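Residue strings, one per chain:
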Amino acid sequence: MFVSNHTFIVHEPENIIEGFETIADLWIKYGAKSCRLMDLAGSEIGKMGFIAIFDNMQQYGHCMDQLVEDDEFKNWQNQTSGTATFTRHSLERSIALKTA
C-alpha cells in the first residue's frame, strides 16, 4: 500500500467537505483505490487531512501526472483557493500490517 497524505489548516470547513466528492472522484479516476477526508486532533487540531491510497508508487505517480493536466482539477483548485492553507504532504509506504 502507498499513501499520499496532504494536511492543511481549514479556513472554510463547509467548502472543504462539500468539495471532497469532486476531488476524490478525480483522484480515483486516475488510479487511487480510495480517498478519505480526515478531521485531525492532537497536535493537528484545526487541520484536516486528505488521504489517497494506492497499490504502489507507480500508480501515485501516474495519478499526479494526470491530475496536473486535468481541467476539472485546475477548476477545483481555483474554486477552493483560500479555503485552506497547505501545511505538509507525506508519502507513506506500508512495510508491515497486523490486523485483529
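Residues numbered from 1 in each chain as written. Predicted model: local features only at pLDDT ≥ 70, side-chain atom pairs only at ≥ 80, totals over all residues. Heavy atoms only, no water.

K.L.:
Got a minute to help me understand the layout of surface pockets in this structure?
P.N.:
Any empty space left between atoms is shown by rolling a water-sized probe over those atoms. Computed from the structure, the largest pocket encloses a volume of approximately 480 Å³. Around the largest pocket, the lining comprises 21 residues; the ones closest to its centre are H6, F8, F50, W76 and T80. Listing elements by their share of the lining of the largest pocket, those giving two or more residues are strand 1 (2-10), helix 1 (13-29), helix 3 (71-80) and strand 4 (84-93). Here the element with the most residues in the lining of the largest pocket is helix 1; it accounts for 6 residues. (1 Å grid on protein atoms, 1.4 Å probe; cavity = no way out; pocket = protein on both sides within 12 Å on 5 of 7 lines; lining within 4 Å. Points joined across faces, edges and corners; volume = space filled by probe spheres on them. Helix = DSSP H or I, 4+ residues; strand = E, 2+ residues; numbered from the N terminus.)

K.L.:
For this particular structure, what's the right way to read helix 2 (residues 57-67)?
P.N.:
In an α-helix there are 3.6 residues to a turn, and that puts residues three or four apart on one side. Within the sequence span of helix 2, burial applies to Y60, C63 and L67. Buried residues along helix 2 cover an arc of 65° about the axis, so they all sit on one side. Facing away from the buried side of helix 2 by more than 90 degrees, the exposed set consists of Q58 and D65. Tucked into the core, helix 2 has its buried residues touching strand 1, helix 1, strand 3 (47-54), helix 3 and strand 4. (Buried < 20%, exposed > 50% of the residue type's maximum accessible area, 1.4 Å probe, protein only. Arc of directions from axis to C-beta. Contact = heavy atoms within 4.5 Å.)

K.L.:
Teacher, can you tell me more about the side chain of E44 here?
P.N.:
The topology assignment puts E44 in the loop between strand 2 (34-39) and strand 3. Assessed through its relative accessible area of 18%, E44 is described here as buried. Setting aside chain neighbours within four positions, we find E44 in contact with T7 and R88.

K.L.:
Help me out: how do you make sense of the sheet that holds strand 3 in this one?
P.N.:
Backbone hydrogen bonds hold the strands of a sheet together, and the pairing may be parallel or antiparallel. If you trace the 4 strands from one edge of the open sheet to the other, you get 2-3-1-4, paired in antiparallel fashion. Because the sheet does not close on itself, it has two edges, and the strands there are strand 2 and strand 4. The average angle at which neighbouring strand axes cross in this sheet is 15°, direction not considered. By the bridge criterion, 9 bridges tie strand 1 to strand 4 in an arrangement that is antiparallel. Along strand 4, the bridge assignment pairs F8 with F86. (Pairing = 2+ DSSP bridges. Axes fitted to C-alpha atoms, helices over the stretch in contact; angles between N-to-C directions.)

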